[in-house]
There are 2 protein chains.
Amino acid sequence: MSATPARIISVDTHDIRFPTSRELDGSDAMNPDPDYSAAYVVLRTDAGDGLEGHGFTFTIGRGNDVQVAAIGALRPHLLGRSVDEVCADPGSLSRDLIGDSQLRWLGPEKGVMHMAIGAVVNAVWDLAAKRAGQPLWRLLAHADPEWLVSQVDFRYIADALTPEDALALLRGGRAGLAGREADLLERGYPGYTTSPGWLGYSDEKLTRLAKEAVADGFTQIKLKVGADLADDVRRLRTARAAVGDRVRIAIDANQRWNIGEGIAWVRALAEFDPYWIEEPTSPDDILGHAAVREGVAPVRVATGEHVQNRIVFKQLLQAGAVDVLQIDAARVGGVNENLAILLLAARFGVPVCPHAGGVGLCELVQHLSMFDYLALSGTTEDRVIEYVDHLHEHFTEPVVIRDGHYTAPLAPGFSAAMHPQSLAEYRYPDGAFWAADLAGRP
Amino acid sequence: MSATPARIISVDTHDIRFPTSRELDGSDAMNPDPDYSAAYVVLRTDAGDGLEGHGFTFTIGRGNDVQVAAIGALRPHLLGRSVDEVCADPGSLSRDLIGDSQLRWLGPEKGVMHMAIGAVVNAVWDLAAKRAGQPLWRLLAHADPEWLVSQVDFRYIADALTPEDALALLRGGRAGLAGREADLLERGYPGYTTSPGWLGYSDEKLTRLAKEAVADGFTQIKLKVGADLADDVRRLRTARAAVGDRVRIAIDANQRWNIGEGIAWVRALAEFDPYWIEEPTSPDDILGHAAVREGVAPVRVATGEHVQNRIVFKQLLQAGAVDVLQIDAARVGGVNENLAILLLAARFGVPVCPHAGGVGLCELVQHLSMFDYLALSGTTEDRVIEYVDHLHEHFTEPVVIRDGHYTAPLAPGFSAAMHPQSLAEYRYPDGAFWAADLAGRP
């Protein structure tokens, strides 16, 4: 232990890619061949306690190197920073990163640079929770409401949510927390599964996986749609036959359509009672989502995994454009911005059903939903976290699904850490897997 | 000359930074110390004609290396591509780049990755215009309307603009083209100047530069606002006294405000008759701009330099959120997407007044406004291109301003090329200027 206050002393980045495209896992109408990847960052300190902060951006292959470069561009904001201060107030760091007047030009608050900020901010929260000896969901759920409000950047959202609004929501959310925490620890948080529904799967595989999902306790599954209408009709009929009438089937077009096209397509699938249509069109099209929602009711409209920041989420809510809001733990500017988004959703009374899957998104986002349940929304009704059974084995604290529910993680931190041997094997292009793979190509 | 068709054989990138922060040029309420920079790309071919395609993304310093990495990530789409094919149909390349299913995850169509696409697509148009022996504005203005429509990606905008709409607009725009072209060659395209109005300048410098602007033939100037209201009142009074009642004074908050704050601030400046308020709030806030427009009328609302793509521009128009639409030549996906945006503006009858300045943005965007005048809007009424007198000396074909007008450039291409010695001197961190500068720092 040094006599001076502990500092952040290194910001190590890793370009990690998994060759998922070879098995058609994760294939959908817009993403036919993803190689699930992570631009991964590790913060180390000189505190002498051995604790590190881990975070990452999820990508689907090419460009992961650009994302790693963007994380590297944030290094000067981190090195030398006091560990105590940054862990006591990640919001200040978040504001410094978002407010860097030169880097801001590359967004602002969107795309590669903003996702890099999210990775770093999430790594700080991972470190802060480890130092507090708490899983992040519990740290957040028991945090002082005024402190939580101080962690939110209200710039550009104050017309929809003021600090006073946020404080009232968080204070109100505390009632009954102990009972909900007991329930969470016993039952977990409900999930739904996308594993049966990838476009690349045969009808037989779809049927088998859908039946397995129901047997495993899931009450909702999801199917990818949008490539071919006749195929979608057949696949949705197949899925409905497999799961029966009581299990919800969400459908997901991954931004495939223009507005009129999307409305017509969803109406053509309405006989199979889809629960929501996800990403019917561009994530940037707020007014378009509102038009789709009007056109496909009573089918619900969901979006968010590609929504760039709280400002667009705010407008989706203001415009009445969504029935279901899908946060992603690693696209916006990290935990702080997701606090803002959860508060906006609570303010507008719209349920949050996170996007997950990919690499480690389940591990991260469960903490945010569990906080939402315990200390904000107060309910899990009509709320489910996406679950995909991919790549969890690479994490030191993988999610545990029991009877269709996410079990509350108990290890301190944000569940973000990958095994060192996974980092070593899948590092691109020089890890063991890729070195061998690339050497074998013509 | 080789017997096989000519191909693109290299994609060279350069991290070019100018130390503009040292003189407070370009300072505004959000960008106090920009180092104007370019992530610069040169396409070379084996055609044997010596022609190259030049393009760039403008940034303001830190992160220019990330932008260079993003351009580099596009290299596999370019190398080996037929020069004839890509120049005959830049739209196909544009769609390939935007549609790369893995890179798309990093946007989609926004931020670092999308700006990189813009740089590359613009470089192809530069090459195409050089091969045609035409300045780009003339190539576009005389192009077949059906071919121009084929260059536009209607995905996500077809609810506001169909290919049929676009064709009708372009066909209608042809009437009287010869007369307008003669007028353009004689008088040029009107500009306005931001040079007097940077926040870092003294009142004396503001007065002197404002008077010079009027003497130079400009009928509009622009002032940066938003840091301090009392200062803004004084500066706007100073500027109005300097230029008289007939010269338009636009004001620009560079995204500084929340909605209510912006409305109140602009109302407090209304006595000085500002012509437009530019970027009152986040470029992502379509509904917010609509609220500001309603709150500050008759002051006009302008935005666009940070608007990420045609989908957000579409909604700004659909929501009646702007009086003036400000395209930028190097933020969206290049000429093809700007064609879509110009067509949307024409469809909604909103005048386009481009953002320029920075590094080379004047050089590029003049071509788009001149095309707009000749073959689409048919008028320059209430239309002006921003002009800032910075860094033009680094370009081989710098803009020429005469009596407050942009003179039509006659050299073939997109006016994008910098002098080789500028590239060599300001390359970061190893060019002559930076090597000496960095060596001299403590």
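Residues numbered from 1 in each chain as written. Chains lettered and ligands numbered in written order. Predicted model: local features only at pLDDT ≥ 70, side-chain atom pairs only at ≥ 80, totals over all residues. Heavy atoms only, no water.

> Any chance you could explain the overall build of chain A here in plain terms?
Of regular secondary structure, chain A possesses 18 helices and 12 strands. In summary, chain A has a C-alpha radius of gyration of 21 Å against a globular reference of 22 Å for 442 residues, a match within 12%. Across its three principal directions, the C-alpha atoms of chain A cover 70 × 60 × 45 Å. Expressed as a percentage of its 442 residues, the buried residues of chain A come to 66%. Considering only intrachain contacts with a sequence separation of at least 6, the fraction spanning at least 24 residues in chain A is 75%. Each charge sign in chain A was given a centre, from 41 positive and 60 negative side chains, and these centres are 2 Å apart. (Helix = DSSP H or I, 4+ residues; strand = E, 2+ residues; numbered from the N terminus. Rg over C-alpha atoms; globule rule 2.2 N^0.38 Å. Buried < 20%, exposed > 50% of the residue type's maximum accessible area, 1.4 Å probe, protein only. Contact = heavy atoms within 4.5 Å. Lys, Arg positive; Asp, Glu negative; His and termini not counted. Charge placed at Lys NZ, Arg CZ, Asp CG, Glu CD.)

> What should I look at first to understand the relation of the copies chain A and chain B in this one?
Superposition of the two copies of the chain requires a rotation about an axis and a shift along the axis. The two copies are related by a screw motion: chain A maps onto chain B through a turn of 180° and a shift of 0.0 Å along the axis, at an RMSD of 0.0 Å. In the structure described here, the two chain copies are related by an operation that fits a two-fold rotation axis. Among all residues of chain A, the one whose C-alpha sits closest to the rotation axis is G111(A), at a distance of 2.4 Å. Looking at the interface residues of chain A, 100% of them are also at the interface in chain B, so both copies use one shared face. (Least-squares fit on C-alpha atoms with pLDDT ≥ 70 in both.)

> What is the right way to look at the UniProt feature "domain: Mandelate racemase/muconate lactonizing enzyme C-terminal" (unreviewed entry) in chain A in this model?
When the UniProt feature table is mapped to this numbering, "domain: Mandelate racemase/muconate lactonizing enzyme C-terminal" (unreviewed entry) covers residues 203-299 of chain A. End C-alpha atoms of residues 203-299 of chain A are separated by 24 Å, and the span's content is 52% helix alongside 15% strand. (UniProt positions renumbered as here; feature names shortened; annotations may be inferred.)

> How should I be thinking about the packing of helix 10 (residues 203-215) of chain B against helix 11 (residues 229-243) of chain B in this particular structure?
Any two packed helices are characterised by the angle at which their axes cross and by the distance between the axes. All names here are of chain B. Contact geometry for helix 10 and helix 11: axes closest at 9 Å, N-to-C directions at 35°. Note on packing geometry: the crossing formed by helix 10 with helix 11 is right-handed. In contact with D203, L206, T207, A210, K211 and V214 of helix 10, helix 11 contributes R234, R235, T238, A239, A242 and V243. Partitioned by chemical class, the residues of the contact of helix 10 with helix 11 number 6 nonpolar, 2 polar and 4 charged. (Axes fitted to C-alpha atoms, helices over the stretch in contact; angles between N-to-C directions. Left-handed = near helix turned anticlockwise from the far one by under 90°. Nonpolar A, V, L, I, M, F, W, Y, C, P; charged D, E, K, R; others polar.)

> Sorry, what's going on with the state of the cysteines here?
Such a bond, covalent and formed between the sulfur atoms of two cysteines, is termed a disulfide. All names here are of chain A. Applying the stated criterion across every chain, the model contains 0 disulfides over all chains. For the unlinked cysteine C362, the closest cysteine sulfur is that of C353, found at 14 Å. Accessibility expressed as a relative area gives 0% for C362, which makes it buried. (Disulfide = S-S within 2.5 Å.)

> Honestly, the sheet that holds strand 3 (residues 53-59) of chain A in this entry has me stumped. Any pointers?
Within a beta sheet, neighbouring strands are joined by backbone hydrogen bonds and run either parallel or antiparallel to one another. All names here are of chain A. Taken in spatial order, the 3 strands line up as 1-2-3 in an open sheet, and their pairing is antiparallel. Lying at the two open borders of the sheet, with one neighbouring strand each, are strand 1 (8-17) and strand 3. Averaged over neighbouring strand pairs, the angle between their axes works out to 15° when direction is ignored. Bridge count between strand 2 (residues 37-45) and strand 3: 7 bridges; the pairing is antiparallel. What sits directly across from A39, in strand 3, is T57. (Pairing = 2+ DSSP bridges.)

> Please explain the nonpolar core as it appears in this structure.
Where a protein is soluble and globular, its nonpolar side chains tend to be buried together. Among the nonpolar cores identified, the biggest contains 296 residues, and I277(A), F371(A), I277(B) and F371(B) are the most heavily contacted of them. Dropping the residues within four chain positions of it, F371(B) is found in contact with W137(B), L140(B), A141(B), L148(B), L170(B), L339(B), L342(B) and L376(B). (Core = buried A, V, L, I, M, F, W, Y, C linked by side-chain atoms within 4.5 Å.)

> Mind showing me how you'd approach the interface of chain A and chain B here?
It is common to give the size of an interface as the accessible area lost on bringing the parts into contact. The partner chain B presents 61 residues to the 61 residues of chain A that form the contact. Across the interface of chain A and chain B, roughly 5000 Å² is buried in total on both sides, 54% from carbon and sulfur atoms. The three residues of chain A that bury the most area against chain B are R62(A), Q102(A) and W105(A), which together make up 18% of that side's buried surface. Taken together, chain A and chain B are joined by 6 salt bridges. The interface formed by chain A and chain B holds 37 residue pairs in polar contact (both at pLDDT 80 or more) in total. (Buried area = accessible area lost by both parts, 1.4 Å probe. Salt bridge = Lys/Arg side-chain N within 4 Å of Asp/Glu carboxyl O. Polar contact = N/O pair within 3.5 Å; in protein donor to acceptor, adjacent residues only side chain to side chain.)

> What am I meant to see in the packing of aromatic side chains here?
Pairs of aromatic rings are described using the distance from one ring centre to the other and the angle between the two planes. Enumeration over the complete set of coordinates arrives at 30 aromatic pairs over all chains. Note on F18(A) and Y426(A): the rings are 4.7 Å apart at their centroids and 50° apart in plane angle, and the pair reads as tilted. Of the two residues, F18(A) is situated in the loop between strand 1 and strand 2 and Y426(A) in helix 17 (residues 420-426); the sequence distance between them amounts to 408 residues. What makes F18(A) buried here is its relative accessible area of 2%. Look at Y426(A) and you get buried, because its relative accessible area is 15%. By way of ring pairs, the aromatic residues F18(A), Y426(A), Y428(A), F433(A) and W434(A) are connected into one cluster. Between K205(B) and the ring centre of Y201(B), over which it is positioned, the NZ or CZ distance is 4.0 Å. (Phe/Tyr/Trp six-rings, centres within 6.5 Å; stacked < 30°, edge-to-face > 60°. Lys NZ or Arg CZ within 6 Å of the ring centre and 35° of its normal.)

> Looking at this model, I keep getting lost on the sheet that holds strand 3 (residues 53-59) of chain B. Mind explaining?
All names here are of chain B. Read from one edge of the open sheet, 3 strands run 1-2-3, paired in antiparallel fashion. Of all the strands in the sheet, the pair left with one neighbour each is strand 1 (8-17) and strand 3. Neighbour-to-neighbour, the strand axes of this sheet turn through a mean angle of 15°, independent of strand direction. Bridging between strand 1 and strand 2 (residues 37-45) involves 9 bridges; their strand directions are antiparallel.

> Help me understand unusual backbone geometry in this model?
Phi is mostly negative for residues that are not glycine, and the peptide bonds are mostly trans. Here the residue pair A297(A) and P298(A) is connected by a cis peptide bond, since its omega of 10° sits within 30 degrees of zero. In this fold, P298(A) is placed in the loop between helix 13 (286-296) and strand 8 (300-303). Cis peptide bonds are those with omega within 30 degrees of zero, and the linkage from G107(B) to P108(B) qualifies with -10°. Tracing the chain through its elements places P108(B) in the loop between helix 4 (90-99) and helix 5 (111-132). The residue Q255(A) is not glycine, and still its phi comes out positive at about 75°. Judged by its relative accessible area of 1%, Q255(A) is buried.

> So what exactly am I meant to see when it comes to the pairing of strand 3 of chain A here?
Each regular strand displays side chains that alternate between the two surfaces of the sheet. Across the 7 residues that make up strand 3 of chain A, a large majority, 7, are buried. Judged by which residues are buried, strand 3 of chain A turns out to be covered on both faces: G53(A), G55(A), T57(A) and T59(A) on one side and H54(A), F56(A) and F58(A) on the other are all buried.

> What's the story with the pattern of salt bridges in this structure? I'm lost.
A side chain of one charge can pair with a side chain of the opposite charge when the charged atoms of the two come close. All chains considered together, the criterion is met by 62 salt bridges over all chains. The closest approach of N and O atoms between D15(B) and R17(B), which form a salt bridge, is 2.9 Å. Under the relative-accessibility criterion, R17(B) is labelled buried at 8%. Here R187(B) and D183(B) are joined by a salt bridge, their closest N and O atoms 2.9 Å apart. Note that R187(B) and D183(B) are positioned in helix 9 (residues 177-187) at a spacing of 4 residues, about one turn of the helix. Taken together, the shared-partner salt bridges connect K222(A), K224(A), D252(A), E278(A) and E386(A) into one network.

> Mind showing me how you'd approach the packing of helix 12 (residues 259-269) of chain A against helix 13 of chain A here?
Residue and element names in this part refer to chain A. It is at 9 Å that the axes of helix 12 and helix 13 come closest, and there the two elements cross at 30°. With respect to their mutual orientation, helix 12 and helix 13 come out roughly parallel. In the packing of helix 12 onto helix 13, the handedness of the crossing is right-handed. When helix 12 is examined against helix 13, the residues I259, I263, V266 and R267 are found in contact with a partner set consisting of G288, A291, V292, G295 and V296. Here the contact of helix 12 with helix 13 is built from residues that sort into 6 nonpolar, 2 polar and 1 charged. (Parallel < 35°, antiparallel > 145°, perpendicular 65-115°, else oblique.)

> What's the story with the environment of H355(A) in this structure? I'm lost.
Along the chain, the position of H355(A) falls in the loop between helix 15 (335-348) and helix 16 (361-375). For H355(A), a relative accessible area of 6% gives the class buried. In this structure the C-alpha to C-alpha distance between H355(A) and Q326(A), which are 29 residues apart in sequence, comes to 5.5 Å. Contact partners of H355(A), with chain neighbours within four places excluded, come to E305(A), Q326(A), I327(A), D328(A), L361(A), V365(A), E386(A) and W105(B). At a separation of 3.3 Å, a polar atom in the side chain of H355(A) contacts the side chain of E305(A).

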